[in-house]
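# Examining the three-dimensional arrangement
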Amino acid sequence: LFGSVVEAQECSIKQQDMKTKVTTYLAHLMISSLLIFSAGTSNDFEKLLASLEKQTYDYVQEKVYLHLDRPYYSVGDDLWFKAYTVAGPNHTPTPLSENLFVELIDPKGEVLKRHTVYMNKGLGKGDFELADSLKVGTYQIRAYTNWMRNFDEGFFFHKTFNLINPFEVTEESERTTEVAEIRFFPEGGELITGVPGQVVAEWLGVPAGTKADILDGTGAKVVSVTFNEDGHGKFGLLPMEGQQYVLQAEGLKTPINLPKARNNGYVLSVDNLSSETEVMVTVKTAMPGKHLAYLVAHTRGVVGFGSKLDWQGATARVRIPRTDLGNGLTHITLFNNDWKPEAERLIFQNSGSEQVNFEINTDKSVYEQRDMATVKLKLTDLEGKPLQGFFSMNVYDAKQIEPGAWKDNILSNILLTSDLKGDIQNPLKYMAKTQKARADLDLLLMTRGLTRFTWKDLLEEQYPETAFEVEQGFKVTGTVKQRNGQKTLARASIKQIGTFEGIPLFAQAETDAK
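Our subject in this report is the structure included herewith. (Residues numbered from 1 in each chain as written. Predicted model: local features only at pLDDT ≥ 70, side-chain atom pairs only at ≥ 80, totals over all residues. Heavy atoms only, no water.)

## So, the overall build of the chain
- Along the chain, the regular secondary structure elements total 4 helices and 29 strands.
- A total of 514 residues make up the chain; the buried ones form 43% of that total.
- In the chain, the share of contacts with a sequence separation of at least 24, taken over all contacts with a separation of at least 6, comes to 61%.
- Carbon together with sulfur atoms contributes 50% to the accessible area of the chain, which is approximately 29700 Å² in total. (Helix = DSSP H or I, 4+ residues; strand = E, 2+ residues; numbered from the N terminus. Buried < 20%, exposed > 50% of the residue type's maximum accessible area, 1.4 Å probe, protein only. Contact = heavy atoms within 4.5 Å. Areas by Shrake-Rupley, 256 points an atom, 1.4 Å probe, with all protein chains shown as cover.)

## As for the nonpolar core
- Grouped together as the largest cluster of nonpolar side chains are 31 residues, with contacts concentrated most on Leu66, Leu79, Phe81, Leu100, Val102, Ile141 and Phe161.
- Mapped by element, the contributors of at least two residues to this core are β3 (62-68), β5 (78-87), β7 (99-105), β9 (123-129), β10 (137-145) and β11 (157-164).
- A per-element tally of this core places β5 first, with 5 residues.
- Not counting residues up to four positions away in its chain, the partners in contact with Ile141 are Leu66, Leu79, Val102, Glu103, Leu104, Phe128, Phe157, His158, Lys159 and Phe161.
- Core analysis: the next-biggest nonpolar cluster, separate from the first, contains 20 residues, Leu268, Val283, Trp311 and Ala316 among them. (Core = buried A, V, L, I, M, F, W, Y, C linked by side-chain atoms within 4.5 Å.)

## Quick notes on the pattern of salt bridges
- Within this structure, the stated rule accounts for 25 salt bridges.
- For Glu190, the salt bridge goes to Arg262, with nearest N and O atoms at 2.7 Å. Here Arg262 lies in the loop between β18 (256-257) and β19 (266-271) and Glu190 lies in the loop between β12 (183-186) and β13 (197-202), a separation of 72 residues in the sequence.
- By relative accessible area, which is 30% here, Arg262 ends up partly exposed.
- The network of salt bridges with common partners includes Glu103, Arg114, Arg142 and Glu153. (Salt bridge = Lys/Arg side-chain N within 4 Å of Asp/Glu carboxyl O.)

## Considerations on the pairing of β13
- Most of β13 is tucked away: 5 of the 6 residues are buried.
- Pairing between β12 and β13: 4 bridges, direction antiparallel. Among the inter-strand pairings, Pro186 is bridged to a residue of β13, identified as Val199.
- As judged from the 6 bridges shared by β13 and strand β16 (residues 232-237), these two strands associate in the antiparallel manner. Bridge assignment links Gln198 to a residue of β16, and that residue is Gly236. (Pairing = 2+ DSSP bridges.)

So this is what it looks like as structure tokens:
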């Protein structure tokens, strides 16, 4: 029944078909602010919800974040990292994978080294020695679990860094910025004839402040657009029937065509900037008569809001309380009366409800060379109650590394970039509590989409193939033969003795008939 709350329950998920067991995973499913619809609508929504729940919890998404000790390195350095792996919509330290693969990739894209890192309840650590023989250039760190290989590689952890040689004199080449092709992203997905909407133009590489004009089929100017430092610019457009709109700017050899408008449909417009307490959603259409549609908002597969839209005329408006949405990326989808997706929009929020207060104090204000420094960390929640946790910290010479050299952190990664494909140059800037940062991020998200699944596959109950198992440790296999002979020994007893992180280990097994 819509309007009720499905409490979090502990469930056991077993998937024998992929030869692994994902057991006792705490699945949190909270559905609130849902209107009570008709029985038929309720059945349709429950089917959609069941498919989304299966996608979210039976095919749990793991995320990896590596905290590196520096933003760039010199040849001969050690690259140290602390690894964090979380799983599920609530970003719980993963109870699944214990093996993490971390790779060092050279400027040509070749894997130079691969480490397998033991993850103890989602935590691990390691390092790479950057040999003196390595050539300078842009290198990459890539990290993933075996289970993550079942899904798109674009959601692996990727981080690039520059490797320099301070003893090598290099000629400075003139820096040139490659200007990419211009792409257009109508809000919601498509332009609709006779319906006003917003469009984001993406022109990567152009200087901030670059201007362009949108012209109609007669060559008349309709509107202007200005690009920010990310190469994004937004403009409003009312597509008219039979018109082909183009973008014209200084330096372009030929005008660039905008996407053609569809004759019938809905335009989804989302205002995520004006209010601190709610998100305003507007649905517009030029089709006459009565309209019936459904609006669903989910954060990482957990539905927080759903509404039936039953209206007469051109416009319907819905207010979504921010308290119904989780922190991070929320997917807002408009379905038609047949529960087919018509339009989608991605938004971001970080209410700060899950953040903490911390204090760092040192035992001295001034230190002599090679003095021991004692650092105390005090951590409390927003109510001042003490917290426990696991931490990693960078210590560096501020004269050698400027604070602005850091382009991401665990917050920007887990809440934002881990759910987006493609490279984002400076995700940390979008975490700033400024209106400009929020507006720039809103433009960015209009050019991206959540691609961990598609509604088409979900509605048709087409789920990912899971050829790669969850790995917890290693399997050692072999054959026991007689000494100086070829005959294999059945029922032979094998014992393994060793240590792991100083802890004695003992295991034994018995051979089978082979």
